[in-house]
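Report on the structure
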Amino acid sequence: MEARHARYPFRQEAREAVSAAGVDLVELVRDDDAVVERAAERVTNAVTERDIGDAHPDDRVELLSYPVARVLVSIVDEHVLVRRYAAAEAQAAFDRFDADLRASDTELKSVSGPDITVEEFLAEFGLDAQVRETADGYDVGVGAYLPLSASLKDEQWRLVHRALDGGDVPVSETELHHLLQQAVEDRVADGLPLTVPDEITDELGPQVGEIRGVLDDLDLTRDIDIVVPELFPPCMKNLLERVRAGDHLPHHSRFAITAFLGNIGLETDEIVDLYEVNPGFGEEMTRYQTDHIKGETSPTEYTAPACATMKSYGDCVNPDALCEHISHPLSYYEAKIDDADEEEAIDWRERDDGDDAEPDESEEGA
Ligand code: SF4
């Protein structure tokens, strides 16, 4: 097992090195505390810091912690965890190969990471025939560019902002590295969750508990400030439709949809406007309750209930396939927002259909 295997554990040659070493996964998780500890750190750091933490000084531990980390992610089986973990591994890969590949052309080579070339990385992801070096950077075939850039949020990646050169998209060296980062993220996420034998699951019980605890403490409202009703989880779509249809919601349902809307960035005024169509609407009381839930007039910003609570109150309606991999409506929404392209993720409040604070007709009462 070499340093380059530990540095890039998602590569085929790293997998082969693990396989050639005849590592038994059951024995590994039972007997090797250093590997299990580093694997758990990769995963928990991915959730809390969006990185995998510092590499272990022992290449063997660092390399073997990667397959064990994938096993841990699989046992927990939460969509938000798979996404954050894959993104964190890809970020670490970017940081490493951005440094290594630049150094491979300079005298820094001997003091940087292992000797690795961009050609090797391109071949790793089957991109060698579609990427060509130019005087200014690289030309990437549009067929390879589109799937890799689709998940990148910045405007600069949209084809409309690119000077297409025949069937190629010119990119800088840094941009090529970001496209490779996306290829790494796709590969890390590929196949997750794995099917894990019971004897491995039993051995990793404490680490799984630790990761679940970190997920429970995750502030799901921290990163969300966009309102796209089409991407709401089925339960919240249902509650929003009932509000808009003028249904009188029980207290727990009203709390759930109000907290959810507040958590994703709606202001009190916008939430109060929604309730206006409700029979018995009282602006003062609605505003008071909304401010309280949002933490404007109370010490706490309340978070929308988790799926278990929604189910116990009968508010979990029409769960779909994604619901099987999440435990909180906000995780569902975060996943949908992350997967949506720019056209799908237009904030309700920024739509130029003349109705910038309310859902359109297709949502209302549907
Ligand atoms: S499983 Fe959770 S997110 Fe899905 S509909 Fe039920 S409560 Fe909502």
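Residues numbered from 1 in each chain as written. Predicted model: local features only at pLDDT ≥ 70, side-chain atom pairs only at ≥ 80, totals over all residues. Heavy atoms only, no water.

Filter applied, for reference: UniProt positions are given in the numbering used here, feature names are shortened, and annotations may be inferred rather than shown by experiment.
With an unreviewed UniProt entry as reference, the chain is termed DNA primase large subunit PriL, source organism Halocalculus aciditolerans. One UniProt comment on the chain, placed under Subunit (unreviewed entry), says "Heterodimer of a small subunit (PriS) and a large subunit (PriL)." What the UniProt record of the chain gives under Sequence similarities (unreviewed entry) is the line "Belongs to the eukaryotic-type primase large subunit family."

Quick look at the pattern of salt bridges
So the rule is basically this: Within this document, salt bridges are pairs made up of a side-chain nitrogen of Lys or Arg and a carboxyl oxygen of Asp or Glu, the two lying within 4 Å of each other. Throughout, exposure labels follow a simple rule: accessible area from a 1.4 Å probe, protein chains only, divided by the maximum for the residue type, with under 20% read as buried, over 50% as exposed, and the rest as partly exposed. Strands are runs of DSSP state E lasting at least two residues, helices are runs of H or I lasting at least four, and both sets are numbered from the N terminus onward.
Under the criterion given, the structure shown has 22 salt bridges. Of the charged contacts in the structure, one is a salt bridge between arginine 4 and glutamate 13, with a shortest N-O distance of 2.8 Å. Look at glutamate 13 and you get partly exposed, because its relative accessible area is 22%. With a shortest N-O distance of 2.5 Å, arginine 4 and glutamate 120 are connected by a salt bridge. Here the residue arginine 4 occupies a position in helix H1 (residues 3-7), and glutamate 120 occupies one in helix H7 (residues 118-124), the gap between them amounting to 116 residues. Several salt bridges converge on common partners, so that one network encompasses Arg4, Arg11, Glu13, Glu120, Glu124 and Arg187.

Observations regarding helix H13 (residues 251-263)
As a reminder, the rule being used: The span expected for a helix works out to 1.5 Å for each residue beyond the first. What makes two residues a contact is simply this: any of their non-hydrogen atoms within 4.5 Å.
In this model, H13 (13 residues) spans 18 Å end to end at C-alpha, consistent with the 18 Å of a helix rising 1.5 Å per residue. What H13 keeps buried is the set Ser253, Ala256, Ile257, Thr258, Ala259, Phe260, Leu261, Gly262 and Asn263. Its buried side turned inward, H13 meets helix H12 (234-244), helix H14 (268-275), helix H15 (283-294), helix H16 (307-312) and helix H17 (329-339). Of the residues one or two after H13, glycine 265 is the one with positive phi, at around 115°.

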